[in-house]
Amino acid sequence: MTGIPRTLAEELRTRTDSGLIGLLRARPDLLNPVPGDVTQLATRAGTRASVVRAVERLDRFALQAAEALAVAPDPCPYGTLAALMGGDAGDEAVAAELPRAVAQLRAQALVWGPDDRLRLVRTARELLAPSAAHPSPTGLGPTVAEATAGMSPGRLQQIIAAAGLPTTHDPVSAVAALTSLFSDRTRMAKLLDSAPAESVTVLDKLLWGPPYGGVTDHPAPHLTWLLDRGLLLPAGGRNVVLPREAALHLRGGHAHRRPEPVPPALEPVTERAPQLVDGAGAGQAFTALATVEELLKEWDLGGPPVLRAGGLSVRDLKRTAAALDTTEQLAAFWLELAYGAGLIASDGEADERYAATPAAEEWLQLPDHERWAVLAAGWLTATRTPGVVGTADAKGRALAALGPHLDRSPAPEIRRRALTLLAGLPPGTSVPAAAVLDRLRWERPLRGAGSPTGAAVRTAAPAGDAAPGAPAPVADLRSRLAQWALEEAELLGVTGRGALSAHGRTLLGSTTEPAVPTPAETDTAAGRAAALLAPLLPEPLDHVLLQADLTAVAPGPLQRPLAEALDVLADVESKGGATVYRFTPASVRRALDAGRSAAELQEFLSTHSRTPVPQPLAYLIDDVARKHGQLRVGAASAYVRCDDDALLAEILADRRAATLRLRRLAPTVLAAQTSPEQLLDGLRAMGYAPAAESAAGDVLIARADSYRTPPRSAPVPVPDGPPSPDRTLLEAAVRAIRAGDLAATAERKPVRAPAPTPGALPRTTSAETLATMQAAVLTNSALWIGYVNADGAASQRVIAPVRVEGGFVTAYDHTADEVRTYPLHRITGVAELADDAV
């Protein structure tokens, strides 16, 4: 094709395969389904939904360039666009970066045409151009021609006469004269020199937008001066507007108050030793593992019930936060982290509740660094966002932890991008979170600013255009997601003291754009990160320090069997770098109920203590063991038996036993009108140490069984739009588009049947179709056919017939780039191609 392209489709046909691949990679929504030809591709690229998605992914400067094109003449020479972006005086930074912005717009098919005739696609112009309902982010109003549409010819002549222009014979020339005056810097400056000071003040107020104001039926003289000369034009009712050409003169040619050609710098930087950052990250990683393990232990026998609408109740969230010794918001994060890793889930029973999953058992048996890798990999790709827990949904209902409607599809992209920015800094270097948020807002100024509608795109003004001293806008979803990502990365140990750790840097894997790793690549990167983290984590200890005040100090993390045994024998008094356990009669009895004898407990403590077993602790164990099992409780309704009838008499005489409704059946047996469990609890509350027994009279070991859900899968992230296509798919799509375009645009030889209308299928009789096919086999020529498949879908194809027999034609299909067989009765018609068409 030669000459200037007249449409977007014509320009797309001139692009190389790599150019089309770049377009489809930047806008993957154009691939679903694969366009049949270039015309379909161009049509789909101009649809509102696709253009909105593409505009939302522009950086601040590219978006400003598109906004400037929306208020520029159509088509717009590159020089005019450069003047709008850099102003009359020019701007070196803008001049240096503008070619990149235009190339980005052109690569995404938002702008087409040569540099002397740049055209913004119609849908993008409609989204970004100013209107009375949706002012432009530039703050500019309508042109003189748009604002004077419908104005009486007499009024137009009055305006140009007051502005010092000669009258004309028609409204069109009058509008052109007024536009020329406002666009002429010299004549416009001379006109404004004669303006009253109050009039100039009014223009200054409207200068950067919004350009609309109101006037009364009897405006003041300074307003009348502006109205008479067209510097304020009617905008419906009592409203007036500052025309675009006048505003550009007052602005010195700038379309934006503050162009932002380069992203904000990541500063101020704080440099620390990388080893210090890695150590801090490893400490946080160990704390994260301990917290999740504590959560699983808290829910070991079954967690709280599931709300009818799904999720955890506020009361249960508070209880979980108290058990984890943290805030409710952080408790929601740990819950969602474990849920996202598939460690907790609902059991699916009629009386549904949460519990640990079978995968949690496997996770607990892994080494610490591998357990961290499972959590980190799940967090990096999760779309569930614990930060929104407690906020209201669209219906005003509070969002619950572990409940529905917590997915925010942009979260993984923002999380990865925030960490990638930190990865671009030298190791050990951190910057304030505000600097990261500013950079992310520059990269995607419209992303997350509202729902993807035209109204959201039109009204979302860049922060750079805010008036000085104006209040900061409410943080949009993207900024909040980025803030939460940085906080959660610190909690997980991906960062340490605000800087990306070595294992966090490895967790990211590739940081090149577009960074969309596959699940397998994410798991591989997490494994490599875990290997770096492993030597930084503390080694589990096999000992504790027993003290005379009935406590034991664990100076570090304990080996799992030792920690599990101590959890039964003692109560945790305080956590931290060193865990303090306290031995009490109830905790010792708990160990005896679990089947351990006093001698076994003494031996266990002697083996695992670096200090001798204190005498008070030995006495405590022996004293509780001596009383343990002296009373026996079984099922009658329930009974108590004891060889010491004096002890039973003491129990009967105790007023606290009244609720148990005991009576003596024999000198050594008491009966109770309550269940064995309630009887056990009641006697223990009175200070006794009864033991349960079986029907055979054997002591029952009261070891609680862990409760687990059936096998459950981790929640699947909700994608943010269509997935990013790989290279193979892109290349195949471009081949299909090229082949379809060949079928739709190839030059055909005339046929005897009436010429088909553009885009219609060829029509020939069955005899003509068969004869043409047979001739093409002999001459080895290509044909253009219309084909209807078994589903009734019609398409055009270019084929080279190889064999015709049995009612079928075997041919090489240029559209599909393969050999296929077609039933002749499904071919609507055939036409020969020009000799040089293929």
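Residues numbered from 1 in each chain as written. Predicted model: local features only at pLDDT ≥ 70, side-chain atom pairs only at ≥ 80, totals over all residues. Heavy atoms only, no water.

Considering the overall build of the chain
Summing up its helical and strand segments, the chain has 34 helices and 25 strands in all. The C-alpha radius of gyration computed for the chain amounts to 39 Å, which surpasses the reference 28 Å derived for 838 residues by more than 25%, pointing to a less compact arrangement than a globule. Each principal axis of the C-alpha atoms in the chain carries an extent, and together these give about 125 × 90 × 55 Å. Considering the chain as a whole, with its 838 residues, one finds that 46% of them fall into the buried category. For the chain, the exposed area adds up to about 39400 Å²; of that, 55% sits on carbon and sulfur atoms. (Helix = DSSP H or I, 4+ residues; strand = E, 2+ residues; numbered from the N terminus. Rg over C-alpha atoms; globule rule 2.2 N^0.38 Å. Buried < 20%, exposed > 50% of the residue type's maximum accessible area, 1.4 Å probe, protein only. Areas by Shrake-Rupley, 256 points an atom, 1.4 Å probe, with all protein chains shown as cover.)

Some thoughts on the packing of aromatic side chains
Under the definition given, this model contains three aromatic pairs. Plain terms: the ring middles of tyrosine 787 and tyrosine 822 are 4.9 Å apart, the flat faces sit at 70° to each other, and that makes the pair edge-to-face. Taken as a pair, tyrosine 787 in strand β21 (residues 783-788) and tyrosine 822 in strand β24 (residues 818-823) lie far apart in primary sequence, 35 residues in all. Of the residues examined, tyrosine 787 reaches a relative accessible area of 10% and is grouped as buried. (Phe/Tyr/Trp six-rings, centres within 6.5 Å; stacked < 30°, edge-to-face > 60°.)

So, unusual backbone geometry
With the exception of glycine, most residues fall at negative phi, and the peptide bonds are largely trans. A cis amide bond, omega -5°, links asparagine 32 with the succeeding residue proline 33. Here proline 33 shows up in the loop between α2 (17-26) and α3 (38-45). Aspartate 74 connects to proline 75 through a cis peptide bond whose omega is 0°. Along the chain, the position of proline 75 falls in the loop between α5 (60-70) and α6 (78-86). Backbone geometry at leucine 550 places phi at a positive 65°, although glycine is not the residue there. Secondary-structure assignment places leucine 550 in the loop between β12 (545-547) and β13 (551-554). Since its relative accessible area comes to 22%, leucine 550 is described here as partly exposed. Positive phi, close to 50°, is recorded for arginine 661, a residue that is not glycine. Among the structural elements, arginine 661 can be located in the loop between α31 (645-653) and β18 (662-666). What makes arginine 661 partly exposed here is its relative accessible area of 48%.

A look at the nonpolar core
Among the nonpolar cores identified, the biggest contains 90 residues, and Leu24, Leu81, Phe182, Leu231 and Leu232 are the most heavily contacted of them. Broken down by element, this core gets its largest block of residues, eight residues, from α5. In contact with phenylalanine 182, not counting residues within four places along its chain, are Val144, Met188, Leu191, Arg229, Gly230, Leu231, Pro243, Glu245, Ala246 and His249. Phe333, Leu343, Ala373 and Ala423 belong to the second largest nonpolar core, which has 71 residues in total. (Core = buried A, V, L, I, M, F, W, Y, C linked by side-chain atoms within 4.5 Å. Contact = heavy atoms within 4.5 Å.)

Quick look at the environment of methionine 151
Along the chain, the position of methionine 151 falls in the loop between α9 (144-147) and α10 (153-162). Taking the relative accessible area as the measure of exposure, methionine 151 reaches 17% and is therefore buried. Setting aside chain neighbours within four positions, we find methionine 151 in contact with Leu156, Ile159, Leu233 and Pro234.

Some remarks on the side chain of serine 346
With respect to the helices and strands, serine 346 occurs in strand β7 (residues 344-346). At a separation of 3.0 Å, a polar atom in the side chain of serine 346 contacts the side chain of glutamate 352. (Polar contact = N/O pair within 3.5 Å; in protein donor to acceptor, adjacent residues only side chain to side chain.)

Focus on the packing of helix α27 (residues 560-569) against helix α29 (residues 598-608)
One can describe the packing of α27 onto α29 by two numbers: an axis separation of 12 Å at closest approach and a directional angle of 130°. With respect to α29, the element α27 is oriented oblique. In the crossing of α27 with α29, the sense of the turn from one axis to the other is left-handed. In contact with Leu562, Ala565, Leu566 and Leu569 of α27, α29 contributes Leu601, Phe604, Leu605 and His608. Looking at side-chain class alone, the contact of α27 with α29 contains seven nonpolar, one polar and no charged residues. (Axes fitted to C-alpha atoms, helices over the stretch in contact; angles between N-to-C directions. Parallel < 35°, antiparallel > 145°, perpendicular 65-115°, else oblique. Left-handed = near helix turned anticlockwise from the far one by under 90°. Nonpolar A, V, L, I, M, F, W, Y, C, P; charged D, E, K, R; others polar.)

Thoughts on the pattern of salt bridges
Following the criterion strictly, the structure yields 35 salt bridges and no others. Its salt-bridge partner being arginine 57, residue glutamate 413 comes within 3.8 Å of it at the nearest N-O pair. Of the two residues, glutamate 413 sits in helix α21 (residues 411-423) while arginine 57 sits in the loop between α4 (48-56) and α5, which places them 356 residues apart along the sequence. Overall, the relative accessible area of 26% leaves glutamate 413 in the partly exposed class. With a closest N to O distance of 3.4 Å, arginine 187 and aspartate 184 form a salt bridge. Put simply, Asp59, Glu97 and Arg100 are held in one network by salt bridges that share partners. (Salt bridge = Lys/Arg side-chain N within 4 Å of Asp/Glu carboxyl O.)

A few points about the environment of threonine 821
Relative to the helices and strands, threonine 821 resides in strand β24. Classification of threonine 821 by relative accessible area gives partly exposed; the value is 47%. Each C-alpha atom, one on threonine 821 and one on glycine 252, is 67 Å from the other, the two residues being 569 residues apart in sequence.

Digging into the confidence of the model for the chain
Residues with a pLDDT of 70 or more make up 90% of the chain, whose mean pLDDT is 85. Here residues 448-474 is a poorly scored stretch, pLDDT under 50, and it has 48 contacts once near neighbours within four places are set aside; other chains count. Within the model, the stretch residues 751-756 combines pLDDT values under 50 with six contacts to residues more than four positions away or in other chains. (pLDDT = per-residue confidence, 0-100.)

Things to note about the sheet that holds strand β5 (residues 239-241)
A sheet is described by the order of its strands in space; here three strands give the open sequence β3-β5-β4, paired in antiparallel fashion. The two strands at the open ends of the sheet, each matched to only one other strand, are β3 (212-214) and β4 (233-234). In this structure, β3 lies alongside β5, joined through three bridges in antiparallel fashion. Bridge assignment links tyrosine 212 to a residue of β5, and that residue is valine 241. (Pairing = 2+ DSSP bridges.)

A few points about the sheet that holds strand β25 (residues 827-832)
In spatial order, the strands read β24-β23-β22-β21-β25; together these five strands make up an open sheet with antiparallel pairing. Looking along the sheet, the strands with just one partner apiece sit at the ends: β24 and β25. Taken over all neighbouring pairs, the strand axes of this sheet differ in orientation by 45° on average, direction set aside. Pairing of β21 with strand β22 (residues 794-805) involves six bridges; the strand directions are antiparallel.

Let's talk about the environment of lysine 318
With respect to the element layout, lysine 318 can be found in helix α17 (residues 314-324). On the basis of relative accessibility, which here comes to 45%, the residue lysine 318 falls in the partly exposed class. Sequence separation between lysine 318 and glutamate 328 is 10 residues; the distance between their C-alpha atoms is 6.0 Å.

Some details on helix α14 (residues 221-228)
All of the buried residues along α14 are Leu223, Trp225, Leu226 and Leu227. In this fold, the buried residues of α14 make contact with α10, α12 (185-193), α13 (197-206) and β5. Positive phi shows up at glycine 230, right after α14, with a value of about 75°.

Details of the packing of α27 against helix α28 (residues 585-593)
Relative to each other, α27 and α28 sit at 120°, their axes nearing to 7 Å. Relative to α28, the element α27 lies oblique. Counted together, Asp567, Val568 and Leu569 of α27 and Ser587, Val588, Arg590 and Ala591 of α28 form the full contact between these two elements. For the contact of α27 with α28, the residue count by class is four nonpolar, one polar and two charged.

Looking at α5
Within α5, 11 of the 11 residues are buried, which leaves the element mostly enclosed by the surrounding structure. The complete set of buried residues in α5 reads Arg60, Phe61, Ala62, Leu63, Gln64, Ala65, Ala66, Glu67, Ala68, Leu69 and Ala70. Where α5 starts, the residue carrying a side-chain oxygen 3.1 Å from the main-chain nitrogen of phenylalanine 61 turns out to be aspartate 59.

Brief notes about the side chain of aspartate 813
Position of aspartate 813 relative to the elements: it lies in strand β23 (residues 808-813). Within the structure, the side chain of aspartate 813 is placed 3.0 Å from the side chain of arginine 797, a separation counted as a polar contact. A polar contact is formed between the side chain of aspartate 813 and the side chain of tyrosine 822, at a distance of 2.2 Å. With residues near it in sequence (within four places) discarded, aspartate 813 still touches Arg797, Val798, Ile799, Glu818, Arg820 and Tyr822.

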